[in-house]
Amino acid sequence: VVLPKVFALAFTSDMRLSEPATSMLKEMLELRPNLLLNRLDEAFREAFLALLSGTVHLGEALSSQQLAGLGDVYAERFRKQKALRDGFLRKALQQLQRLPSGQLEDRFAELAALGVLDDDSEPSSSRKEKPLAQLPLRQRQQLLYSQFIASAISALPFIFENEPLLLIFECNHHISLHAGTLLASFEGESTPKDPPSPEQVFVDALSVVSCVVLKGVMKRDYNLSPEQCATFNPREIRQERIGRSMAMFNRDKEEGQTGSVVRNRFPAAEWLEKVLPLVERFS
């Protein structure tokens, strides 16, 4: 019961709360990191709900400070061992691919009723405002949660090539499973006996778009070639450290970042632009 709450506190922008929560979390996981792995879905949901009161907006990236605690815990308790690292990354990515909704809906609805979400940053252009304003509460929650999880994953401090390559590999697998079916259904080329509901189509399409954007970020920011992505074997034991290209060095220097500092790499505004056609169609 305690662990997901402490995990959520590590995401707060108030360092007086996030720093002791991060230290406590690392102590709790020192001997048993699987405690978090086994409850990572619940922990991410708690963190998401804790951030909803004015700090999670569509099309806006989370601050590096909000993601620093997660990066610290990942680096200290999961990154050093391949099995733990891969397990963490896969379980985190599953939150993006499956978009759990039932566990979030009641509390999300309560926050909406209290007016906590009224100031959600509806983008300024009229083209975006209308479909987002008409979007049902469940789909709005799924958009926000997708953006939150993708931001958290992209900000993890990777030092091995296998880390972003594993994410790309899993994203490609997910896209290959769902994109073709979605496209065939959209173009009327397939008529399954039990067609998915519009709500399920929304979830599947949103997860595919989010995976496309996330894998693009991994390839670009870690300077990974198409050949590296195509030949990657997740069972490979050898661990190659990430080579920092001059472009990566200059970008981090401009942003005042170093290799050990968490940086939110997820382009939330770009992602929202790609998701907008889906939102318009559903609305």
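Predicted model only: the values in this text are computed from it and were never measured.

A.B. asks: Sorry, what's going on with the overall build of the protein here?
C.D. replies: When you go through the protein residue by residue, the secondary structure sums to 14 helices and zero strands. Mapped in sequence order, the helices and strands of the protein form the string α-α-α-α-α-α-α-α-α-α-α-α-α-α. Residue burial in the protein is summarised as follows: out of 283 residues, 49% are buried. A fraction of 84% describes how many contacts in the protein between residues 6 or more apart in sequence connect residues 24 or more apart.

A.B. asks: I'm lost on the packing of helix H1 (residues 2-9) against helix H2 (residues 15-29) in this one. Help?
C.D. replies: Angle between the axes and distance between the axes are the two parameters that describe a pair of packed helices. Contact geometry of H1 with H2 gives a least axis separation of 8 Å together with a crossing angle of 140°. When the axis of H1 is compared with that of H2, the two are oblique. In the packing of H1 onto H2, the handedness of the crossing is left-handed. Side by side, H1 and H2 meet where Leu-3, Val-6, Phe-7 and Leu-9 of the first sit next to Leu-17, Ser-18, Ala-21, Met-24, Leu-25, Met-28 and Leu-29 of the second.

A.B. asks: Which parts of the structure should I look at to understand the pattern of salt bridges?
C.D. replies: Note that side chains of opposite charge can pair when their charged atoms are close. Per the counting criterion, the structure on display carries 12 salt bridges. Its salt-bridge partner being Glu-240, residue Arg-238 comes within 3.4 Å of it at the nearest N-O pair. Overall, the relative accessible area of 37% leaves Glu-240 in the partly exposed class. Through salt bridges that share partners, Arg-220, Asp-221, Arg-263 and Arg-265 make up one connected network.

A.B. asks: What's the story with the environment of Val-213 in this structure? I'm lost.
C.D. replies: By the element assignment, Val-213 lies in helix H11 (residues 198-221). Distance in space between the C-alpha atoms of Val-213 and Trp-271 is 6.5 Å, their sequence separation being 58 residues. Those residues in contact with Val-213, other than ones at most four positions away along the chain, are Phe-266, Pro-267, Trp-271 and Lys-274.

A.B. asks: Please clarify how the confidence of the model for the protein should be interpreted in this entry.
C.D. replies: Averaged over all residues, the pLDDT of the protein equals 85, while 82% of them reach at least 70. Contacts for the low-pLDDT stretch residues 119-127, under 50 throughout, to residues beyond four places or in other chains number 21 contacts. Considering only residues more than four positions removed or in separate chains, one finds that residues 255-260, a stretch of pLDDT under 50, has five contacts.

A.B. asks: Would you mind showing me how to read helix H14 (residues 268-282) here?
C.D. replies: Since one α-helical turn is 3.6 residues long, residues separated by three or four positions face the same way. Look at H14: 20 Å from first C-alpha to last across 15 residues, which is about the 21 Å you get at 1.5 Å a residue. The largest bend in H14 is about 40°, located at Val-275, with the proline Pro-277 one to four residues further on.

A.B. asks: In this structure, what is going on with the state of the cysteines? I would like to understand it.
C.D. replies: Such a bond, covalent and formed between the sulfur atoms of two cysteines, is termed a disulfide. Taken as a whole and assessed by the stated rule, the structure comprises zero disulfides. Here Cys-171 stays free of any disulfide, with the sulfur of Cys-211 as its closest cysteine sulfur at 3.8 Å.

A.B. asks: Please clarify how helix H6 (residues 82-98) should be interpreted in this entry.
C.D. replies: The end-to-end C-alpha separation of H6 is 24 Å, in line with the 24 Å expected for 17 residues at 1.5 Å each. Residues Leu-84, Arg-85, Asp-86, Gly-87, Phe-88, Leu-89, Ala-92, Leu-93, Gln-95, Leu-96 and Gln-97 constitute the buried set of H6.

A.B. asks: What is the right way to look at the side chain of Asn-264 in this model?
C.D. replies: Within the element layout of this structure, Asn-264 appears in the loop between helix H13 (246-254) and H14. A distance of 3.1 Å separates the side chain of Asn-264 from the backbone oxygen of Leu-62, its partner in a polar contact. Here the side chain of Asn-264 touches Phe-266 through a polar contact of 3.1 Å, landing on its backbone nitrogen. Sequence-distant contacts of Asn-264, defined by excluding residues within four places in its chain, comprise Ala-61, Leu-62, Ser-64, Leu-67, Ser-151, Ser-154 and Ala-155.

A.B. asks: Teacher, can you tell me more about the packing of helix H9 (residues 137-154) against H14 here?
C.D. replies: For the pair H9 and H14, the least separation of the axes is 12 Å and the interaxial angle reads 160°. Relative to H14, the element H9 is oriented roughly antiparallel. Seen from above, H9 lies across H14 with right-handed handedness. Touching Gln-139, Leu-143, Ser-146 and Gln-147 of H9 are Ala-268, Trp-271, Val-275, Val-279 and Phe-282, all from H14. Of the residues contributing to the contact of H9 with H14, the split by class is six nonpolar, three polar and no charged.

Quick notes on the rules
Residues numbered from 1 in each chain as written. Predicted model: local features only at pLDDT ≥ 70, side-chain atom pairs only at ≥ 80, totals over all residues. Heavy atoms only, no water. Helix = DSSP H or I, 4+ residues; strand = E, 2+ residues; numbered from the N terminus. Buried < 20%, exposed > 50% of the residue type's maximum accessible area, 1.4 Å probe, protein only. Contact = heavy atoms within 4.5 Å. Axes fitted to C-alpha atoms, helices over the stretch in contact; angles between N-to-C directions. Parallel < 35°, antiparallel > 145°, perpendicular 65-115°, else oblique. Left-handed = near helix turned anticlockwise from the far one by under 90°. Salt bridge = Lys/Arg side-chain N within 4 Å of Asp/Glu carboxyl O. pLDDT = per-residue confidence, 0-100. Expected span 1.5 Å × (residues − 1). Bend = angle between axes of the 7 residues up to and from the residue. Disulfide = S-S within 2.5 Å. Polar contact = N/O pair within 3.5 Å; in protein donor to acceptor, adjacent residues only side chain to side chain. Nonpolar A, V, L, I, M, F, W, Y, C, P; charged D, E, K, R; others polar.

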